[in-house]
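Below are the chains, spelled out letter by letter.
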Amino acid sequence: MLIGAGALLVLLAVVSTFIGVSDVTPASLLAGGIDGEAMQLLLASRLPRTLALVLTGASMAIVGMLMQLLVRNKFVEPSTAGTTESAMLGLLVVTIFAPSMGLLGKMGVAAVFALAGTGLFLLILRRIPVRSIVLVPLVGMMLGGIIAAVTTFFAYRLDLLQSLNTWMTGDFSGVLRGRYELLWLAFAMTLIAWLAADRFTVAGLGQEFTTNLGLNYGRVLTLGLVIVSIVTAIVVVTAGVIPFLGLVVPNVVSIIFGDNMRRTLPWVALIGAIFVVACDILGRVLRYPYEIPLGIVVGVVGAALFLYLLLRRSSHAH
C-alpha cells in the first residue's frame, strides 16, 4: 500500500511538473535540448515548485500530527493554535525593523515568535479547568484571531498590508530555484520527529504516564514545540499559510491506522504530499490559464473535511 501511495505521488508530481501556460512538454524538452528554453524553465521553476509542494505537504502534515499528540486533541494544528499567526507577526516585525534580513534570519525570527505563540496557547489550556474536544481548537482559533488582528492593525498603520497578504495566503506560483531550499530544513526536522517518534507517542498519553516510564516530559514537549515552530516558520516564509493541512491528514490516517506515530508517520507524510500536490493541480486547472492560490483550495477542501470530522466526533461522543 505504501508503494502504491508513493507511485500515486510520483504520478501527481509528474503531472504537476508539466502543467502551466508555458510550453514545457516532453516534446519541447527533447527539441530544445539541455540549453533550450523549456529545459531552463523546467529546472528554474517547474521542478522547484513540485519539490516545494511535496516537502510542504509532508512536513506540515507531520507537524500537525505532532501537535495533536502533544496537546492530546485531534483538532489542533498550527493554524488552529495561534502558531501560524505568531509566525506572521514575527515576519512583520522583521519587515519593520530589519527589512534587508535574509531568508534564514526571517525564518529564525518567525520560528521564535511561533514558539512563543504556541507556548502561550499551551499556557492558556492549563488554565482551563474543563477541556472538551471542541473547546481546545476554539481557544486556539480565538488566540490566533487576536494575534492576527494585532498584526493586521500594525501592517495597516505602516502601509504593509500588501506584504502581509503574501504570507496570509499560501501561493507557490512564485517559488523558484533558490527560494525554496529552506524547505529541505523542514524535511530534516521531520526526520528528527521520526527518530523521536516513540517518545512523542508516549508523551501523547499524558505527563504522569510519561514520567512513570522514565522520560522527561518537559524535554519531549520542548523538542516537539521547537520542531513545530521551525517547520511552520519555514513554510510561512517560503510560501505562506496553508490552513487545515496538519489537521485533516493526521485525522484521516489515525482513523485508518491508529495513533502510533512511528507506524503512521510515513503514511501521514505521503498523504500530506499527495493532498497538497492534488490541490495545487486543481487550483491550476480550474480557471486555466489563471491560477487559484493553493492556500484557498486547501482552505476550502480542508474546512469541509474539518467540519465533517468535527461532526463525526461529536456524534460519536453522544
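How each quantity is defined
- Residues numbered from 1 in each chain as written.
- Predicted model: local features only at pLDDT ≥ 70, side-chain atom pairs only at ≥ 80, totals over all residues.
- Heavy atoms only, no water.
- UniProt positions renumbered as here; feature names shortened; annotations may be inferred.
- Helix = DSSP H or I, 4+ residues; strand = E, 2+ residues; numbered from the N terminus.
- Rg over C-alpha atoms; globule rule 2.2 N^0.38 Å.
- Buried < 20%, exposed > 50% of the residue type's maximum accessible area, 1.4 Å probe, protein only.
- Contact = heavy atoms within 4.5 Å.
- Lys, Arg positive; Asp, Glu negative; His and termini not counted.
- Charge placed at Lys NZ, Arg CZ, Asp CG, Glu CD.
- Core = buried A, V, L, I, M, F, W, Y, C linked by side-chain atoms within 4.5 Å.
- Phe/Tyr/Trp six-rings, centres within 6.5 Å; stacked < 30°, edge-to-face > 60°.

Naming follows an unreviewed UniProt entry, where the protein chain appears as Iron ABC transporter permease of Microterricola pindariensis. Per UniProt, the protein chain carries the Subcellular location (unreviewed entry) text "Cell membrane". The protein chain has a UniProt comment under Sequence similarities (unreviewed entry) that states "Belongs to the binding-protein-dependent transport system permease family. FecCD subfamily."

Novice: Would you take a moment to explain the overall build of the protein chain for this structure?
Specialist: If you tally the helices and strands in the protein chain, you get 14 helices and 0 strands. Beginning at the N terminus, the succession of helices and strands in the protein chain can be written as α-α-α-α-α-α-α-α-α-α-α-α-α-α. In terms of C-alpha radius of gyration, the protein chain reaches 20 Å, essentially the compact-globule figure of 20 Å for 318 residues. The principal-axis extents of the C-alpha atoms in the protein chain amount to approximately 65 × 50 × 35 Å. Across the 318 residues in the protein chain, those meeting the buried criterion constitute 50%. Across the protein chain, the fraction of contacts at a sequence separation of at least 24, relative to all contacts at a separation of at least 6, is 76%. Positive and negative side-chain charges of the protein chain, numbering 19 and 13 respectively, have mean locations separated by a distance of 11 Å.

Novice: Would you explain the environment of Leu 245 in this entry?
Specialist: Here Leu 245 shows up in helix 12 (residues 245-257). Residue class for Leu 245 comes out buried when judged on its relative accessible area of 0%. Through-space distance from the C-alpha of Leu 245 to that of Val 226 is 19 Å; in sequence the pair is 19 residues apart. Excluding residues that lie within four positions of it along the chain, Leu 245 makes contacts with Thr 56, Gly 57, Met 60, Ala 61, Glu 77, Pro 250, Gly 272, Phe 275, Val 276 and Val 298.

Novice: What am I meant to see in the nonpolar core here?
Specialist: Where a protein is soluble and globular, its nonpolar side chains tend to be buried together. The biggest cluster of nonpolar side chains holds 87 residues, and the ones touching the most others in it are Phe 121, Phe 200 and Met 261. If you tally residues by element for this core, the top one is helix 3 (residues 37-71), at 14 residues. In terms of nonpolar packing, the next biggest core, distinct from the first, is built from 7 residues, Phe 75, Val 248, Leu 309 and Leu 310 among them.

Novice: So what exactly am I meant to see when it comes to the packing of aromatic side chains here?
Specialist: To describe a pair of aromatic rings, one takes the distance between the centres and the angle between the planes. One pass over the full model with this rule turns up 3 aromatic pairs. The interplanar angle of 75° and the centroid separation of 5.3 Å between the aromatic rings of Phe 153 and Phe 154 together place this pair among those described as edge-to-face. Judged by its relative accessible area of 42%, Phe 154 is partly exposed. Geometrically, the ring pair formed by Trp 184 and Phe 187 is edge-to-face, given 6.2 Å between the ring centres and 85° between the ring planes. Note that Trp 184 and Phe 187 are positioned in helix 8 (residues 182-195) at a spacing of 3 residues, about one turn of the helix. Judged by its relative accessible area of 34%, Phe 187 is partly exposed.

Novice: Sorry, what's going on with unusual backbone geometry here?
Specialist: Generally, phi is negative for residues other than glycine and the peptide bonds are trans, each holding for most cases. Of note in this structure, Asp 159 is not a glycine but carries a positive phi near 60°. Unlike most non-glycine residues, Phe 244 shows phi in positive territory, near 65°. As for its placement among the helices and strands, Phe 244 is situated in the loop between helix 11 (217-238) and helix 12.

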